[in-house]
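Residues per chain are reported as follows:
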Amino acid sequence: SRQELDGETGMKGMIITHLKEIQDDRGSILHMLRADEKDFDTFGECYFSEINPGKVKAWKCHSRQSQNISVPVGKIRLVLFDERSNSSTKNKLQILELGRPDNYKRVHIPKGIWYGFKCLSNMPAIIANCADIPHEREESEIRPPNHSKIPYQF
């Protein structure tokens, strides 16, 4: 069964959930998200982002869209930064490593959180993202990986 780690939430509105993997000799079934879970709001779109070994995809922030991400293939370092002016965790930075077999989890990233990731595995990693609204370019903002307002260097 899944165990939500409310005590492991690092930022207001963020939820980290251990995901179930059912293994047998043919391969695994990897759970990601169900409509009856605490961090499910509504379905907008689901997509996969591939990132090559050692590469960085950063920084992005959504004004209306929340993310539910997991890493079924490979490993990444996910870095989150809270710049929301009304947040009790404003200016907090959180670093997580996600991927199989040790850290197969789902991270719910609320709107207004900056996030970026780096591939840690020696093969491309796949990030699954189930967002609550379809992607709209005008509702997101992008910054380069070395942006001075985010206190982290990949």
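One numbering rule holds for all chains: residues counted from 1, following each sequence as written. Note on the predicted model: pLDDT of at least 70 is required for a residue's local features to be given, and 80 or more for side-chain atom pairs to be given and counted; whole-chain, interface and lining totals, by contrast, use all residues. Each side-chain value is worked out from all heavy atoms of the structure, with water and hydrogens disregarded.

## Re the packing of aromatic side chains
Any two aromatic rings considered together are summarised by their centre-to-centre distance and by the angle between their planes. The pairing test for Phe, Tyr and Trp rings, Trp by its six-membered ring, is centres within 6.5 Å, and the orientation test on the planes gives stacked under 30 degrees, edge-to-face over 60, and tilted for anything in between. The full count for this structure, using the stated rule, is 2 aromatic pairs. On the numbers, 5.2 Å between centres and 45° between planes, the contact of W59 with F154 is tilted. Of this pair, W59 sits in strand β6 (residues 56-62) while F154 sits in the segment after β13 (140-142); the two residues are 95 residues apart in sequence, bridging distant segments of the chain. Here Y152 and F154 contribute two aromatic rings whose centre-to-centre distance is 5.0 Å and whose plane-to-plane angle is 80°, an arrangement assigned as edge-to-face. Chaining the aromatic ring pairs together yields one cluster made of W59, Y152 and F154. What counts as a helix is a DSSP run of H or I of at least four residues, what counts as a strand is a run of E of at least two, and both are numbered from the N terminus.

## Digging into the pattern of salt bridges
When a carboxyl oxygen of Asp or Glu lies within 4 Å of a side-chain nitrogen of Lys or Arg, that pair is called a salt bridge. All chains considered together, the criterion is met by 10 salt bridges. For E21, the salt bridge is made with R100, and the minimal N-O distance between the two is 2.8 Å. Of this pair, E21 sits in strand β3 (residues 21-24) while R100 is found in the loop between β9 (93-99) and β10 (105-109), placing the two residues 79 residues apart along the sequence. Residue E136 pairs with R64 through a salt bridge whose shortest N-O separation is 2.1 Å. Of this pair, E136 sits in the loop between β12 (125-131) and β13 while R64 sits in the loop between β6 and β7 (67-73), and the two are 72 residues apart along the sequence. Accessibility expressed as a relative area gives 43% for R64, which makes it partly exposed. Through salt bridges that share partners, E83, E141 and R143 make up one connected network. When accessible area is computed with a 1.4 Å probe and restricted to protein chains, residues below 20% of their type maximum are described as buried, those above 50% as exposed, and intermediate ones as partly exposed.

Note that all results are geometric; they support no functional claim without further evidence.
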